[in-house]
Amino acid sequence: MEYKFTEANFETEVLKSDIPVLVDFYADWCGPCKMMMPVVEKLAEKYDGKAKVGKINSDEESALAAKYNIMSIPSFLVFKNGEVVNSGMGAMSPDALAALLDSAF
């Protein structure tokens, strides 16, 4: 299951999550973000129940993007116990994205 994170649910769904969380900062107009969508969706299926995988529209949630210093998209942050434990930027292979998330286990 792929989540949609917003400022309203970020604390509950990400910061207070008892399992690792991969957050994809994206925008609808971003070409590399669109390229990564199927990769992120597959990762969400693969880790269902073991980790949360979700997206934040950086245009709609600019305060969250600013809080985490998102300067370019797509940007991926991995959270564990409310802290960022890994990050990546730009289009990447499915294995590279999975490795980011695996670092939280």
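Coordinates for the structure precede this section.
Below is a summary of the structure that appears in this document. From a predicted model like this one, the values you see are computed outputs, not experimental measurements. (Residues numbered from 1 in each chain as written. Predicted model: local features only at pLDDT ≥ 70, side-chain atom pairs only at ≥ 80, totals over all residues. Heavy atoms only, no water.)

## Let's talk about the pattern of salt bridges
Side chains that carry opposite charge are capable of pairing whenever their charged atoms lie near each other. Worth spelling out the cut-off: By definition, a salt bridge exists where a carboxyl oxygen of Asp or Glu is found within 4 Å of a side-chain nitrogen of Lys or Arg. Strands are runs of DSSP state E lasting at least two residues, helices are runs of H or I lasting at least four, and both sets are numbered from the N terminus onward. Residue exposure (1.4 Å probe, protein chains only): buried if accessible area is under 20% of the type maximum, exposed if over 50%, otherwise partly exposed.
Enumeration over the complete set of coordinates arrives at five salt bridges. Among the salt bridges present, the one from Glu 2 reaches Lys 55, with a minimum N-O distance of 3.9 Å. Residue Glu 2 is located in strand E1 (residues 2–4), and its partner Lys 55 is located in strand E3 (residues 52–57); the two are separated by 53 residues in the primary sequence. Exposure remark for Glu 2: the relative accessible area of 29% places this residue in the partly exposed category. The residue Asp 24 makes a salt bridge to Lys 55 at a minimum N-O spacing of 2.8 Å. Of the two residues, Asp 24 is situated in strand E2 (residues 21–26) and Lys 55 in strand E3; the sequence distance between them amounts to 31 residues. Its relative accessible area of 1% is what places Asp 24 among the buried residues. Via salt bridges that share partners, Glu 2, Asp 24 and Lys 55 belong to a single interconnected network.

## A short note on the nonpolar core
We apply this condition: The set of buried Ala, Val, Leu, Ile, Met, Phe, Trp, Tyr and Cys residues whose side-chain atoms join them within 4.5 Å is what this entry labels a nonpolar core. In this analysis, two residues are considered to be in contact whenever any of their non-hydrogen atoms come within 4.5 Å of each other.
Formed by 18 residues in total, the largest nonpolar core has its most connected members in Phe 10, Val 23, Phe 25, Tyr 68 and Phe 79. With four residues, E2 is the single largest residue contributor to this core. With near-sequence residues (within four places) excluded, Phe 25 lies in contact with Ile 56, Leu 64, Ala 65, Tyr 68, Ile 70, Ile 73, Pro 74, Ser 75 and Leu 77.

## Let's talk about the state of the cysteines
Defined simply, a disulfide is a covalent bond joining two cysteines at their sulfur atoms. Stated formally: By disulfide we mean two sulfur atoms from cysteines, separated by a distance within 2.5 Å.
On inspection of all chains with the given rule, the structure shows one disulfide. A sulfur-sulfur separation of 2.3 Å characterises the disulfide bridge that pairs Cys 30 with Cys 33. Between Cys 30 and Cys 33, the S-S torsion sits near 80°, and that sign places the bridge as right-handed.

## Considering helix H4 (residues 94–102)
An α-helical turn contains 3.6 residues, so a residue and the one three or four places further along point in the same direction. Our working rule: Arc definition: it is the arc formed by the directions from the helix axis to the C-beta atoms.
What H4 keeps buried is the set Leu 97, Ala 98, Leu 100 and Leu 101. One face of H4 carries all of its buried residues, which in axial projection span an arc of 150°.

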